[in-house]
Structures are given as C-alpha cells and as structure tokens.
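Each chain, letter by letter, is given below.
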Amino acid sequence: MPIASVVIATHNRATQLADCLDALAKQSKREQFEIVVVDNGSQDSTQAVIAQYANTNVRGVFVSDPNRAKARNAGIAAAGGRIVIFCDDDTVAPQDFVAEHVRVHDEKHPSVVSGPIINVPDKDQRVVPSARHYSRAFFCTCNVSVAKADLEAVGGFDERYDLYGWEDTDIGIRLRARGLARIFAWPAYIYHIKPPRAMTLERRRQLAVEKGTMAARFVRKAPSWPVRLATGAYGVNFARGAIVNAKPLRALYERLVRAARPGSVLEAVASEALVDAAYLDALKTALRRAEC
C-alpha cells in the first residue's frame, strides 16, 4: 500500500505528460507512492504514454467529460495512498518532490502542504527556489497535497466548475473551514514548464472568459468579501474596468498587439489589457444572468 498517490489530470498534452511521468519515475523513495493519471477526454496519444509507464506503478483512469473537477475527483477515488499529491501535466518534479510532501505530512498532520511553483521556459532549465517563488495561495493543484480522508470529508472538488478556473480555490476554502492549516514547504518545489509564447492571445482570451464565468459561480456559491476580492467581483474593480477597458482603448490595445514587436513590453501590456477585459466582461455577464 503506497503512502501517497500523485494525481495528474491531463487533456491532450501527451508530450508534456511524458516529461512529467519521466521525472516522477526518477523520484527518490519511489516505493512510497503511486501515480494516478486521469485522462480527461484526450484525443492525442495520451493513452499510449500512460501505457508506456505502466510498469513504473502508473495507473490510468479515463473520464470522457472534459471537466477538471470531475477528473480530479476520479483521481481521488482511485488513489490508494493516504496522502494525495496534485501536480499538473506540464510540470517536472525534482527527485525529492514526493518525499518532501510526505515528510511534512508525517511531521505536521493534518494540513495542506504546498511548495514553490517555478515557471521555466523548458524542462532543462532549473532554478533554485527564491523569495519570488513564494505563494499565498491556500490550495493550487499545480503543487499541493492533503490527506485523502480530508478531501473526501469536504466532498471533493465541486464538479459544477465545468470550465476553467476556481475549483481549487473553492475546495481550499472548504478545507480551511475544516480546520486544516496550510504549510508552505520550500523543499517541495516543482518546475512548471511555460515556453515563451506557447499560448496565443485568442486562447488566453478564451480561458479568461471561462474563468470569469466560473468566478461568477464561485461568488454565487460563497458571496463573502474574500471571494469577491479574489475574483474581482466588486464595484471598484468594475469601475476600473469600465475606464481602462473602454471601447476606444480596446481598439487601441488591438492595434498595439498587431503593431508591437513580438515579446515586447508594449505587446505584453496590451495583451494583458485585452485578457482583463475578456475576464471582466464574462464575470459581469454571468453575474447579471444569475440575477435574472
């Protein structure tokens, strides 16, 4: 019986998943854990990748409905370890990653354990964690662990978050209400592979729309000030958006994105403004729809 289960939800990222599993196969104290990969409706070679690692204590679960909350719940249900460690499919774990999560749980139970998430452009670039990698996020599924019993006690992830965003923050609130403390373990760091310009502006806008829509769902479920502040669902932020995202300025941002040098500060600022506008538009629309 493994002490821990590493749960990875994945969708159409076979290449990244292979790098992730390769790093996990080289972990120290490999006997302590298993890996549960939840294929969330992939249409690429994800199943073949999972099969390649079957002899390294990797188990595959298939969830056809593209829903990250549902996929992670399936991973929790399949987990045989008393500790569930979540990481993303585009991460590469240093060799003591799992052992450090297990160590902290053994010393300080019950708790939510997270570590630094270090964004790097490719899997071969490794950076030592520093103060800039500290995060105040209570529960981020890119690098977090908690006892399986605690996940089950709070009902797992809310599967009504069927688009991108907020399902991990939501479960974090419920775990905190259960009395779990959050421990930030510096040695339990992970590398998050973020190639330059890997995501187009249109894709970022699409995700911003999904996240804004899910933010409204979060606010309706937990209409507290901390949730409103976290999601930006409050008057001052909407007023700010009305000014900086006014139609004439949006048109300017669009022109700047097309005209600016790729990778320049000007392009980055204009792109961020357009993504912000997409998020706020979706958030306001979803909140109004809920009031009808």
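Rules behind the numbers
- Residues numbered from 1 in each chain as written.
- Predicted model: local features only at pLDDT ≥ 70, side-chain atom pairs only at ≥ 80, totals over all residues.
- Heavy atoms only, no water.
- Helix = DSSP H or I, 4+ residues; strand = E, 2+ residues; numbered from the N terminus.
- Rg over C-alpha atoms; globule rule 2.2 N^0.38 Å.
- Buried < 20%, exposed > 50% of the residue type's maximum accessible area, 1.4 Å probe, protein only.
- Contact = heavy atoms within 4.5 Å.
- Areas by Shrake-Rupley, 256 points an atom, 1.4 Å probe, with all protein chains shown as cover.
- Lys, Arg positive; Asp, Glu negative; His and termini not counted.
- Charge placed at Lys NZ, Arg CZ, Asp CG, Glu CD.
- Phe/Tyr/Trp six-rings, centres within 6.5 Å; stacked < 30°, edge-to-face > 60°.
- Lys NZ or Arg CZ within 6 Å of the ring centre and 35° of its normal.
- Salt bridge = Lys/Arg side-chain N within 4 Å of Asp/Glu carboxyl O.
- Pairing = 2+ DSSP bridges.
- Axes fitted to C-alpha atoms, helices over the stretch in contact; angles between N-to-C directions.
- Parallel < 35°, antiparallel > 145°, perpendicular 65-115°, else oblique.
- Left-handed = near helix turned anticlockwise from the far one by under 90°.
- Nonpolar A, V, L, I, M, F, W, Y, C, P; charged D, E, K, R; others polar.

K.L.:
Just checking my understanding: could you explain the overall build of the protein for this structure?
P.N.:
A tally of helices and strands in the protein yields eleven helices and ten strands. Relative to the compact-globule value of 19 Å for 292 residues, the protein shows a C-alpha radius of gyration of 20 Å, a close match. Along the first, second and third principal axes, the C-alpha set of the protein runs to 60 × 40 × 40 Å. By the burial criterion, 50% of the 292 residues in the protein qualify as buried. When contacts within the protein are restricted to residue pairs at least 6 apart in sequence, long-range pairs at least 24 apart make up 78% of them. Summed over all atoms, the accessible surface of the protein reaches about 14,200 Å², with 55% contributed by carbon and sulfur. Positive and negative side-chain charges in the protein, numbering 40 and 32 respectively, have mean positions lying 6 Å apart.

K.L.:
Looking at this structure, how should I read the packing of aromatic side chains?
P.N.:
Tallying each qualifying case throughout the model produces nine aromatic pairs. Measuring from centroid to centroid gives 6.2 Å for Tyr 161 and Phe 218, while their planes differ by 80 degrees, and the two rings are edge-to-face. Of this pair, Tyr 161 sits in the loop between helix H5 (148–153) and helix H6 (167–177) while Phe 218 sits in helix H7 (residues 201–221), placing them 57 residues apart in sequence. The pair Tyr 161 / Phe 218 is uniform in exposure class, with both members buried. Counting every residue linked through ring pairs, the aromatic cluster contains Phe 86, Phe 139 and Phe 157. Stacked on the ring of Trp 166, the Lys or Arg Lys 211 has its end atom at 5.2 Å from the ring centre.

K.L.:
How do you make sense of the pattern of salt bridges when you look at a structure like this?
P.N.:
Pairs may arise between side chains of opposite charge once their charged atoms sit close together. Tallying each qualifying case throughout the model produces 23 salt bridges. With its nearest N and O atoms 2.9 Å apart, the salt bridge here joins Asp 65 to Lys 70. Its relative accessible area of 27% is what places Lys 70 among the partly exposed residues. Here Arg 160 ties to Asp 158 by a salt bridge, and the two come within 2.8 Å at their closest N and O atoms. A residue is classified by how much of its surface remains accessible, and Arg 160, at 52% relative accessible area, is exposed. What emerges from the salt-bridge pattern is a single network uniting Asp 158, Arg 160, Asp 170, Arg 174 and Lys 221.

K.L.:
Can you walk me through the environment of Gly 60 in this structure?
P.N.:
Summarising the element assignment, Gly 60 is placed in strand S3 (residues 58–62). Exposure remark for Gly 60: the relative accessible area of 47% places this residue in the partly exposed category. Between the C-alpha atoms of Gly 60 and Glu 152, which are 92 residues apart in sequence, the distance is 20 Å.

K.L.:
Looking at this structure, I do not really get the sheet that holds strand S1 (residues 4–10). What am I missing?
P.N.:
Pairing between sheet strands relies on hydrogen bonds along the backbone, with the strands arranged either parallel or antiparallel. Spatially, the seven strands line up as an open sheet ordered S3-S2-S1-S4-S8-S6-S9, and their pairing is mixed. Unpaired on one side and paired on the other, S3 and strand S9 (181–184) mark the two borders of the sheet. Each neighbouring strand pair of the sheet contributes to a mean axis angle of 25 degrees, computed without reference to strand direction. One ladder, built from two bridges, connects strand S6 (residues 111–114) with strand S8 (residues 143–147); its direction is antiparallel. Along S8, the bridge assignment pairs Val 113 with Ser 145. Helix H1 (residues 14–25) contacts S1, strand S2 (33–39) and strand S4 (83–87) of the sheet and is inclined by roughly 170 degrees relative to S1.

K.L.:
Even after reading the chapter, I still don't get the packing of helix H10 (residues 247–259) against helix H11 (residues 265–291), so can you show me in this structure?
P.N.:
If you want to describe how two helices pack, look at the angle between their axes and the distance between the axes. The interhelical angle for the contact between H10 and H11, taken along N-to-C directions, is 140 degrees, at an axis separation of 8 Å. As far as their axial angle goes, H11 and H10 are oblique. Where H10 crosses over H11, the handedness of that crossing is left-handed. Touching Arg 250, Tyr 253, Glu 254, Leu 256 and Val 257 of H10 are Leu 266, Glu 267, Ala 270, Ser 271, Ala 273, Leu 274, Ala 277 and Asp 281, all from H11. Of the residues assigned to the contact of H10 with H11, the class counts are eight nonpolar, one polar and four charged.

K.L.:
Would you mind showing me how to read unusual backbone geometry here?
P.N.:
Excluding glycine, most residues fall at negative phi; most peptide bonds, likewise, are trans. The peptide bond linking His 109 to Pro 110 adopts the cis configuration, its omega dihedral lying at 0 degrees. With a phi close to 80 degrees, Trp 166 is a non-glycine residue in the positive phi region. Mapped onto the secondary structure, Trp 166 falls in the loop between H5 and H6. Assessed through its relative accessible area of 10%, Trp 166 is described here as buried.

K.L.:
In this structure, what is going on with the pairing of strand S7 (residues 117–120)? I would like to understand it.
P.N.:
Sheet faces and side chains relate simply in a regular strand, where the side chains alternate between the two faces. Where burial is concerned, the two faces of S7 differ: the one with Ile 118 and Val 120 is buried and the one with Ile 117 and Asn 119 is not. As judged from the four bridges shared by S7 and strand S10 (residues 190–193), these two strands associate in the parallel manner. Each residue of the ladder has a partner; that of Ile 118, found in S10, is Tyr 191.

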